[in-house]
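# Coordinate analysis (summary)
Next come the chains, spelled out residue by residue.
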Amino acid sequence: METFDVVVLGAGSAGEAVATSLAQAGRRVALVSAGLVGGECPYLACMPSKALLHDAARHARTGGDDADAFAAAVARRDEVAEHRDDSSTADEVRGAGVELVRGRGRVVRPGAVAVDGRELGFSDLVVATGSVPTPPPVDGLDDVPTWTSDEALTSPERPASLLVVGGGAVGCELSQAYARFGVRVVLAEPGDQLLGGEEPGVAAALLQVLRDDGVEVRLGARAERAEPCEAGARVHLSDGSSVEVARVLLATGRRPATDDLGLDVLGVEPGEHGELEVDDRCRVADGVWAAGDVTGVAPYTHTANYQARVVVENLLGRSRTADYRAVPRAVYTDPPVASVGLSEERAREQGLAVAVAIMDVGEVARTAAEDGTGGRLVLVADRDRGVLVGASAIGPRADEWLAEAVLAVRAEVPLAVLADVVHAFPTFGEAYEPPVQELARACG
């Protein structure tokens, strides 16, 4: 049996980062992956979707033939995704000194992982196997044309019509992108707002944006039954209506990929939703660590990278703990939505003495200097401590300028200090000044 200091299961963002960092620090590391090295983000999710959204926004501004624009966007999308070829990333991993093992790994006994008959011994195990799509429980889905988001972001097809099931970040992004390329899009969300859990006012602003783009958004409508029809699929919704479309895009979320890893051999049992519960050091059990979507904590690539750093520090003997209070959330529509920390509702549920201030981004001078597109900024403060605990925004480049709120929440910057910050003129950052000053007065 080959022996290693650390065996890492899964070569997504977290696994790749852990393996290369430890190897560069002199540890003997094996990285086991049945999928693409680098994971979903560069090839099937984050990068191709952002490329498609960028080109959809440009097409909406400049016009032209929808089919030609979509074909060009797909070509660039696939180029950005390196045509789903991970060979250069794999070479970089090997170049860092990592033993890359292709195949599915399974723990067969304490201290040993088997991969296609090859056994790898370890002192520490890091599980970074990511997540997998969760199709909704809709009768008849197997009989109609469907896509997962991964399939939608790898296919060259521009369907005549599309039903998007799920109004979360992925559903909203892909609804807008396909609608802007001339596809008839219906978005069905069973809840009473898009982006459930986010600030209602920001979600309502996004709803209007999508409707202005031609997306037919149906709130309070759950997909219940599907059947083939001449168009492709007829889907019956809980509001009593039905929709006929060429394809159904399933955007109802993902679950941690922990099936059949043999973790029970180590006394590790996943949680109710398949997640590996970790402590604040990202430790699952003695000698077992986890990072990324598999933990069920804020399932974003930036969280995976953050947890990877925490795991590496601890494995190198430098104690480090994770703090998730200020993990940003972004929806890369046009304009984007960005949030951090607690919404007003969740802050009240936690028993905080809440103060809220709202700013119309349309009143910022930079908005007038550009295309006149406004937006909304909502700030949530804890009156007792005089600090921000949450922020949510929609507006031009909100995903960038929300960083000020991210830092303020993470560092617990006093509102009096934030109110004294000088922003360059004219920038969208000026949107913070009136609401922060209002909150500083309210919490003073």
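These numbers come from a predicted model, not from an experiment.

### Side note on the pairing of strand β13 (residues 233–237)
Counting buried residues in β13 gives 4 out of 5 residues, a clear majority hidden from the surface. Alignment of strand β12 (residues 223–228) against β13, held across 5 bridges, turns out to be antiparallel. Counted as the bridge partner of A226 is V235 from β13. Taken together, β12 and the strand that follows it, β13, pair antiparallel across an intervening segment of 4 residues, in which G232 is found at a positive phi of about 145°. Inspection of the sheet shows β13 paired to strand β14 (residues 242–245) by 4 bridges, in the antiparallel sense. Counted as the bridge partner of A233 is V245 from β14. Counted along the chain from β13 to the antiparallel partner β14, the turn is 4 residues long, and its residue G240 has a positive phi close to 95°.

### A short note on the pattern of salt bridges
For the coordinates displayed, the defined rule picks out 32 salt bridges. One salt bridge connects R84 with D78, and the closest N-O pair in it is separated by 3.3 Å. Several salt bridges converge on common partners, so that one network encompasses D323, R325, D382, R385, R410 and E412.

### Comments concerning the side chain of S161
Relative to the helices and strands, S161 is located in strand β9 (residues 161–165). Non-local contacts of S161, meaning those with residues more than four positions away in its chain, are made with V183, R184, E244, V245, A246 and R247.

### Section: the sheet that holds β13
Within the open sheet, the 3 strands sit side by side as β12-β13-β14. Their pairing is antiparallel. Strand pairing shows two members of the sheet lacking a second neighbour, β12 and β14, which therefore form its edges. When strand polarity is set aside, the average angle formed by the axes of neighbouring strands in this sheet is 20°.

Criteria and thresholds
Residue positions are given per chain, counted from 1 along the sequence in the order it is written. Where local features are concerned, this predicted model is filtered to residues with pLDDT of at least 70; where side-chain atom pairs are given and counted, the filter is 80 or more; whole-chain, interface and lining totals use all residues. Computation of side-chain values: all heavy atoms of the structure, hydrogens and water removed. Only protein chains enter the calculation, and the probe is 1.4 Å; a residue is then buried if its accessible area is under 20% of its type maximum, exposed if over 50%, and partly exposed in between. Helix and strand assignments come from DSSP, with helices taken as H or I runs of at least 4 residues and strands as E runs of at least 2, each series counted from the N terminus. Two strands qualify as a pair provided DSSP detects at least 2 bridges between them. Criterion for a salt bridge: a side-chain nitrogen of Lys or Arg within 4 Å of a carboxyl oxygen of Asp or Glu. Contacts are assigned to residue pairs with any non-hydrogen atoms lying within 4.5 Å of each other. To get an axis, fit a line to the C-alpha atoms, keeping to the stretch in contact for a helix; angles then go from 0 to 180 degrees between the N-to-C directions.

Interpretation note: all reported values are geometric properties and have no functional meaning in isolation.
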